[in-house]
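What follows is each chain in one-letter form.
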Protein chains: 2
Amino acid sequence: MMKHDLEYCTVEPALEVLTGKWKISILYFLFQGTKRFSELQNSIPNITKKMLTSQLRELEEQDIVRRVVYPVVPPKVEYSLSEYGYSVEPILRAMHLWGMTHIKHIQLKREIQKVQT
Amino acid sequence: MMKHDLEYCTVEPALEVLTGKWKISILYFLFQGTKRFSELQNSIPNITKKMLTSQLRELEEQDIVRRVVYPVVPPKVEYSLSEYGYSVEPILRAMHLWGMTHIKHIQLKREIQKVQT
DNA sequence: TCATAAGGTTTCCCGAATGATACTATGACA
DNA sequence: TGTCATAGTATCATTCGGGAAACCTTATGA
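Only a predicted model underlies this, so the values are computations on that prediction, with no experimental measurement involved.

Quick word on the pattern of salt bridges
Evaluated as defined, the whole model comprises eight salt bridges over all chains. Measuring nitrogen to oxygen at the nearest pair gives 2.8 Å for the salt bridge that ties A:K23 to A:E58. Taken together, the residues A:K23 in helix α2 (residues 23-30) and A:E58 in helix α4 (residues 49-61) connect sequence positions 35 residues apart. Of the charged contacts in the structure, one is a salt bridge between B:E89 and B:R93, with a shortest N-O distance of 2.5 Å.

Below is the structure:
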C-alpha cells in the first residue's frame, strides 16, 4: 500500500482505503449490492483472482467490506459493504462530482489549444 | 502515475490528481498561499527536489497549480493554486472528515480486540 | 577567480505493487 | 472414473513509483 505523507491534515486514511488499482471498481459494484466473488470477477474485466482477493482482503481488514462464506461445494462466498463501508460514500460522491467537471475542463482546454495552433 | 480502472463511474480523475506520495502535502501548503520552490521543500521534510518537481509538474499539467518564473539570478519560482485548483477542496474536506471518524473507528476496534483477549 | 544561491535535471538503483500462470480442495453429476 | 464449478493459493516475472547523489546554470559579491 502506498503511503501518503501528511500528519497535519487527516486525509491519508481515506486515500489508503481508496488507492489500489481496483479498489474503486470493487466499491462501485458493492455499492450496488451483495456480490459473489465470481460476479465481481466477471464485472471487472482484466482483474486477476489474485488481485481481486488481495484488494477484498484489504477492504475487509479496514471494516469496509463484509465477507460471508457458505460452507458448500463448490464454494460460495458473498461480499458486501459493511454499514461502516457506506460511510465512504460522501467521498466518492465528491470525487465523482469533481471528476465530471474535470472532464469538461480537459475538453475545454483541448479545444482552446486547437484554436491557438 | 497509477491508473485506476473504472469507466462507469467518474472517480479516477480525482484519484489521479491526489495520488502520488507528496501531492496531498503539496496541496495542503499551497492552500495556505503562494510558495516558492524552496519554501515547499523546507516545509515538507524528506522530499527530494526530484519528487517535488515531478509532483508539481503533474499538478501543473492538470491545471491545479500555477507556476510563475521570475527571470532573475538566482532563480525564483512561485507556485500557487489555480482558481480551478481550489475546486478540489470539497474532496479534501470529505476525505478529512471521514479520516477523523476512521481514526476513532480504528481505536474503538482495537479496544474491543483488547477486551476479547 | 571562486564560491554561493535557487531551481532544477540526470543517472542509477531498490522494493513494492501488479501480472501471468499453474495448482489445490471437494462434492455433485454424468 | 472422470469432469466440472468455485474460490481461492503459490510461484515467478515484470513494471513502476520513489530515493540518493551528482551535475547544471548564471549573475553576484568576497
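Moving on from the model shown.
Remarks on the nonpolar core
Formed by 62 residues in total, the largest nonpolar core has its most connected members in A:L18, A:I64, B:L18, B:L56 and B:I64. Residue contacts for B:L56: discarding those within four places in its chain leaves B:I26, B:L30, B:F37, B:L40, B:V65 and B:Y79.

Section: unusual backbone geometry
When glycine is set aside, most residues are seen to have a negative phi, and most peptide bonds are trans. Residues and elements named next belong to chain A. For the bond from V73 to P74, the omega torsion is -5°, close enough to zero to count as cis. Its place among the elements puts P74 in the loop between β2 (65-70) and β3 (76-81). For D63, which is not a glycine, the phi torsion comes out positive at approximately 70°. You can see D63 is positioned in the loop between α4 and β2.

Some points on the sheet that holds strand β3 (residues 76-81) of chain B
All names here are of chain B. Judged by pairing direction, the sheet is antiparallel, and its three strands sit side by side in the order β1-β3-β2 without closing on themselves. Looking at the sheet topology across the chains shown, the edges are occupied by β1 (35-36) and β2 (65-70). In this sheet, β3 lies alongside β1 in antiparallel orientation, the contact comprising two bridges. Across the sheet, K35 pairs through a bridge with Y79, a residue of β3. Across the sheet, helix α2 (residues 23-30) touches β1, β2 and β3, and the angle it forms with β3 is around 90°. Sitting on the sheet, helix α4 (residues 49-61) is in contact with β2 and β3, with an inclination near 115° to β2.

So, the relation of the copies chain A and chain B
Of the transformation placing chain A onto chain B, the axial shift is 0.0 Å and the rotation is 179°, giving an RMSD of 0.3 Å. Those values place the two copies in the arrangement expected of a two-fold rotation axis. Using C-alpha coordinates, one finds that chain A approaches the rotation axis most closely at A:I91, a distance of 3.2 Å. A share of 100% of interface residues in chain A that are also interface residues in chain B marks the association as one of identical surfaces.

Some points on the confidence of the model for chain A
Residues with a pLDDT of 70 or more make up 93% of chain A, whose mean pLDDT is 92. Residue range residues 1-7 of chain A is modelled with pLDDT below 50. Its contacts to residues more than four positions away, or to other chains, number 22 contacts.

Focus on the pairing of β3(B)
Residues and elements named next belong to chain B. Summarising the sheet, β2 and β3 pair through six bridges and their orientation is antiparallel. Residue pairing in the sheet places V69 in a bridge with V77 of β3. Here β2 folds back onto β3 in antiparallel fashion, the turn holding five residues.

Rules used in this analysis
- Residues numbered from 1 in each chain as written.
- Chains lettered and ligands numbered in written order.
- Predicted model: local features only at pLDDT ≥ 70, side-chain atom pairs only at ≥ 80, totals over all residues.
- Heavy atoms only, no water.
- Salt bridge = Lys/Arg side-chain N within 4 Å of Asp/Glu carboxyl O.
- Helix = DSSP H or I, 4+ residues; strand = E, 2+ residues; numbered from the N terminus.
- Core = buried A, V, L, I, M, F, W, Y, C linked by side-chain atoms within 4.5 Å.
- Buried < 20%, exposed > 50% of the residue type's maximum accessible area, 1.4 Å probe, protein only.
- Contact = heavy atoms within 4.5 Å.
- Pairing = 2+ DSSP bridges.
- Axes fitted to C-alpha atoms, helices over the stretch in contact; angles between N-to-C directions.
- Least-squares fit on C-alpha atoms with pLDDT ≥ 70 in both.
- pLDDT = per-residue confidence, 0-100.

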